[in-house]
Amino acid sequence: MKNGKFKFLPHTADIKFQAYGKNPEEVFENSALALKKILVEDKKIRKKIKKNIIAKGKDYESLLYNFLEEFLILFDSERFVLSEIKNINIQEDLKLKAEVLGDSAENYQINEHIKAITYNEMFVKKENSKWVSQVVVDV
């Protein structure tokens, strides 16, 4: 399935997706939205809870891994599910800050339990004038 922001690709045991954007911030945001789609039913998530996310990396792949891992931690520890990302900012030293809005997972049907984000087949790169990421999640 492809919606312009991300698409899911075939994978034997896990779930693989690619996300797209005009810059690194947008590709990270769309990667998080793909992760949300794996977790919860395709229903509008209310914007009742605000969280601040900070992630660091040594390259774009480790930054994306750490960024997406923050959502799994919030989901597992606080039952937080993402609705929208606001004010995402990636600094030159590969430190990411974002304000995210969401709701309690108890209010939604959970599709899939994600065990982990993986580095398997992961990339973040600029292709022509667009940015693309690829992520495989262990389910």
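Here the structure is shown first, and the text comes after it.
Starting afresh in each chain, residues are numbered from 1 along the sequence in its written order. Residue-level local features of this predicted model are given only where pLDDT is at least 70; pairs of side-chain atoms are given and counted only at 80 or more, and the full residue set underlies all totals for whole chains, interfaces and linings. The basis for every side-chain value is the complete set of non-hydrogen atoms in the structure, without hydrogens or water.

Enquirer: Residues and numbers for the side chain of Lys51, please.
Expert: Secondary structure elements follow DSSP: runs of H or I no shorter than four residues count as helices, runs of E no shorter than two count as strands, and numbering proceeds from the N terminus. Position of Lys51 among the secondary structure elements: in strand 3 (residues 49-56). Between two residues, a contact is recorded if the distance between any of their heavy atoms is within 4.5 Å. For Lys51, the contacting residues outside a window of four places in its chain are Leu74, Glu78, Phe80, Ala98, Glu99 and Val100.

Enquirer: Could you give an account of unusual backbone geometry, with specific residues and numbers?
Expert: Even without glycine at this site, Leu94 takes up a positive phi of about 60°. Looking at the secondary structure, you find Leu94 in the loop between strand 4 (80-90) and strand 5 (95-104). When accessible area is computed with a 1.4 Å probe and restricted to protein chains, residues below 20% of their type maximum are described as buried, those above 50% as exposed, and intermediate ones as partly exposed. Take Leu94: its relative accessible area is 15%, and that puts it in the buried class. Look at Glu121: it is not a glycine, yet its phi comes out positive at around 65°. Looking at where Glu121 falls in the secondary structure, it is placed in strand 6 (residues 116-127). Glu121 sits in the partly exposed class, given a relative accessible area of 35%.

Enquirer: Could you give me a rundown of the pattern of salt bridges, with the residues and numbers involved?
Expert: Salt bridge, as used here, is a side-chain nitrogen of Lys or Arg placed within 4 Å of a carboxyl oxygen of Asp or Glu. Scanning all chains against the criterion turns up ten salt bridges. For Lys86, the salt bridge is made with Glu84, and the minimal N-O distance between the two is 3.9 Å. Judged by its relative accessible area of 32%, Lys86 falls in the partly exposed class. What you see here is one network of salt bridges that share partners, running through Lys47, Glu84 and Lys86.

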